[in-house]
Amino acid sequence: MTSLTDQELERYARHIVLPEIGGPGQQKLKRARVLIIGAGGLGAPVLGYLAAAGVGTLGIVDDDAVSLSNLQRQVIHGTDTVGMAKTGSAKAAIARINPHVTVEEHNFRLTADNAPALVARYDVVVDGSDNFETRYAVADACAAEKRPLVHAAVGRFDGSVTVLIPFETGTDGRPNPSYRDLFPEAPPPGLVPSCAVAGVLGALTGVIGTLQAMEAIKLIAGIGEPLVGRLLLYDALAARFDTIRYKKN
């Protein structure tokens, strides 16, 4: 049992009055270890909201430094942290948001070789990476180590979110789909331009990253229906959400 201090009870009062969360759910959040891949556009709101929610330990994987062009969307960083490692900048921001949260910095690029051992140290993984090589490495490691993965992607004015738990079965008794069922192979190089090339609306990453944080909290607290086998699509210009169902091949 992870007890909550008087200060934590006051801090999380609006969670604790929710019957779906309550004291037991808040204790689950405090015990939880969540790994966030990337402290960029998606990782910024994920880190901020999970820290505010009281997730006990946040691991941050990022080998980049804060640049001025990041600040239009990566709201966990500030002008005063330009040039600083993103992991360190994010850690400092999290300390201001919630001093009860432990931050573990992983200042390197995630690869297929180092992902499994790192993923195994956490309970839930949230992928905010911006390239298919990392996405496949994270998804494969999470499947092998039996860790739920909250995946998202953004570009220009559109975003998507899904939850991957391929090592479990659904209510129909069939195995849940994996990332490779959704995307069997990466698109050819250059087909999907990066945000640096195509651009991205800053607030879009806030919408999608916040949805990722919501899914992570649901997984930790064991509430609601996670986006398993469902790809949630958001069109910012049309202000429209659509859901596509997908299954294991």
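In this report, we go over the structure that sits alongside the text. (Residues numbered from 1 in each chain as written. Predicted model: local features only at pLDDT ≥ 70, side-chain atom pairs only at ≥ 80, totals over all residues. Heavy atoms only, no water.)

## Concerning the pattern of salt bridges
Short version of the rule: What counts as a salt bridge is simple: a side-chain nitrogen of Lys or Arg found within 4 Å of a carboxyl oxygen of Asp or Glu. Strands are runs of DSSP state E lasting at least 2 residues, helices are runs of H or I lasting at least 4, and numbering of each runs from the N terminus. The buried label applies to any residue whose accessible area, calculated with a 1.4 Å probe on protein chains only, is under 20% of its type's maximum; exposed applies above 50%, and partly exposed to all values in between.
Per the counting criterion, the structure on display carries twelve salt bridges. Asp 140 is paired through a salt bridge with Arg 180; the nearest N and O atoms lie 2.8 Å apart. On the criterion of sequence distance, the pair formed by Asp 140 in helix H7 (residues 132–145) and Arg 180 in helix H8 (residues 179–182) is long-range, its members being 40 residues apart. For Asp 140, a relative accessible area of 36% puts it in the partly exposed group.

## So, the packing of aromatic side chains
Note the threshold: Here a pair means two rings of Phe, Tyr or Trp (six-membered ring of Trp) with centres within 6.5 Å. Their orientation is stacked below 30 degrees between planes, edge-to-face above 60, and tilted elsewhere. Placement of a positive charge over a ring is assigned whenever Lys NZ or Arg CZ falls within 6 Å of the ring centre and within 35 degrees of the normal to the ring plane.
Under the defined criterion, the tally for this structure stands at four aromatic pairs. Within the aromatic cluster, the residues linked to one another by ring pairs are Phe 132, Tyr 136, Tyr 179 and Phe 183. Note that Arg 33 overlies the ring of Tyr 122, its terminal NZ or CZ placed 4.5 Å from the centroid. One residue, Arg 135, lies across the ring of Phe 132, its end atom 4.9 Å from the ring centre.

## What about the packing of helix H4 (residues 43–53) against helix H5 (residues 86–97)?
Under the convention used in this document: To get an axis, fit a line to the C-alpha atoms, keeping to the stretch in contact for a helix; angles then go from 0 to 180 degrees between the N-to-C directions. Two helices cross in a left-handed way if the nearer one is turned anticlockwise from the farther one by less than a right angle. They cross in a right-handed way if the turn is clockwise. Any two residues whose heavy atoms approach within 4.5 Å are treated as being in contact. Classes in brief: Ala, Val, Leu, Ile, Met, Phe, Trp, Tyr, Cys and Pro nonpolar; Asp, Glu, Lys and Arg charged; the others, Gly included, polar.
Between H4 and H5, the least distance of the axes is 9 Å, while the angle of their chain directions is 35°. For H4 against H5, the interelement crossing comes out right-handed. In this structure, H4 uses Leu 47, Gly 48, Ala 51 and Ala 52 to contact H5, whose residues at the interface are Ala 90, Ile 94 and Ile 97. Of the residues that constitute the contact of H4 with H5, the class distribution is six nonpolar, one polar and no charged.

## Some words on the packing of H4 against helix H10 (residues 202–221)
Stated formally: The scheme is simple: roughly parallel for angles under 35 degrees, roughly antiparallel for over 145, roughly perpendicular for 65 to 115, oblique for anything else.
Taken N-terminus to C-terminus, the directions of H4 and H10 make an angle of 40°; their axes are 8 Å apart at the nearest point. In terms of orientation, H4 and H10 fall into the oblique class. Here H4 and H10 pass one another in a crossing that is right-handed. Side by side, H4 and H10 meet where Pro 45, Val 46, Tyr 49, Leu 50 and Ala 53 of the first sit next to Thr 205, Gly 206, Gly 209, Thr 210, Gln 212, Ala 213, Ala 216 and Ile 217 of the second. Taken together, the residues of the contact of H4 with H10 sort by class into eight nonpolar, five polar and no charged.

## Some details on unusual backbone geometry
Backbone geometry at Lys 146 places phi at a positive 55°, although glycine is not the residue there. Tracing the chain through its elements places Lys 146 in the loop between H7 and strand E5 (149–155). Look at Arg 156: it is not a glycine, yet its phi comes out positive at around 55°. Within the fold, Arg 156 resides in the loop between E5 and strand E6 (158–164). Residue class for Arg 156 comes out partly exposed when judged on its relative accessible area of 46%.

## So, the layout of surface pockets
As a reminder of what qualifies: Cavities and pockets were defined on a 1 Å grid built over protein atoms only: a cavity is a set of grid points that admits a 1.4 Å probe from which the probe cannot escape, a pocket is an open set flanked by protein on both sides within 12 Å along at least five of seven lines, and lining residues are those with an atom within 4 Å of any such point. Grid points are joined across faces, edges and corners, and a volume is the space filled by probe spheres set on the points.
Considering only enclosed or pocket space, the largest pocket measures out at about 1,300 Å³ in volume. Mapped onto the lining of the largest pocket, the elements with two or more residues apiece are H7, E5, E6, helix H9 (195–198) and strand E7 (230–235). No other element matches the four residues that E5 contributes to the lining of the largest pocket. Its residues assigned to classes, the lining of the largest pocket shows 22 nonpolar, 16 polar and ten charged. Of the voids in this model, the second largest pocket is the one considered here, and its volume is about 420 Å³.

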